[in-house]
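Spelled out, the chains give:
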Amino acid sequence: MELILKKDVENLGFADDVVEVKNGYGRNYLIPQGLALLATPSAKKALAETLKQRGFKEKKEIEDAQKVAKKLGALEIKISAKVGSGDKLFGSISNADVAEAFAKGGVEIEKKFITVPGGTIKRLGQYEASVRLHREVKAPVSFEIVAQAK
């Protein structure tokens, strides 16, 4: 079943993408939830026209996203956490903690756009997260988890 996505769907695609899914997934989930519509010839024509008009605006958004990516690359992020024996953390560090650290550095990014390796981090050390700023712009950002001063 061929569908046009109305909104971003994780692990499937972005808004205005034409995707191929199984019939049940499309008919029972995506369409009733308002996440997609059938890719009829008329819907495809309307989508093509919309994308053509949006092309110029999109170029500016990509340039802005690349500027933010450079700004993120320049940030030196250290997240302090309570540490137990060895280098194990009490609790864990997730994408929400990384988003909070970005906010302290002056860059506001929603936590859903930040991907931390393994989902959560439970040890001290140097790590790299992936930040999706635009459908075409992903920025790798390194950060360090340090022991909290007692």
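Predicted model only: the values in this text are computed from it and were never measured.

(A) Representation of the nonpolar core in the model. Counting residues in each nonpolar core, the largest one holds 21 residues, and the members touching the most others are Ile93, Val98, Phe102, Ile114 and Phe143. Among the elements of the structure, strand E4 (77-81), strand E5 (88-93), helix H3 (95-104), strand E8 (125-134) and strand E9 (137-147) are those that each provide at least two residues to this core. Setting aside its immediate chain neighbours within four residues, Phe143 contacts Ile77, Ile79, Val98, Ile121, Gly125, Gln126, Tyr127, Glu128 and Ala129.

(B) Structural view of the pattern of salt bridges. Within this structure, the stated rule accounts for six salt bridges. Residues Asp16 and Arg54 are paired through a salt bridge, measuring 2.4 Å at the closest nitrogen-oxygen approach. Taken as a pair, Asp16 in the loop between strand E1 (2-5) and strand E2 (18-20) and Arg54 in helix H2 (residues 41-74) lie far apart in primary sequence, 38 residues in all. Residue Asp16 is classed as buried on the basis of its relative accessible area of 18%. The shortest N-O distance in the salt bridge between Glu144 and Lys78 comes to 3.9 Å. Pair noted here: Glu144 is in strand E9 and Lys78 is in strand E4, with a separation of 66 residues, a long-range link. Given the relative accessible area of 27%, Glu144 is considered partly exposed.

About the criteria used
Residues numbered from 1 in each chain as written. Predicted model: local features only at pLDDT ≥ 70, side-chain atom pairs only at ≥ 80, totals over all residues. Heavy atoms only, no water. Core = buried A, V, L, I, M, F, W, Y, C linked by side-chain atoms within 4.5 Å. Buried < 20%, exposed > 50% of the residue type's maximum accessible area, 1.4 Å probe, protein only. Helix = DSSP H or I, 4+ residues; strand = E, 2+ residues; numbered from the N terminus. Contact = heavy atoms within 4.5 Å. Salt bridge = Lys/Arg side-chain N within 4 Å of Asp/Glu carboxyl O.

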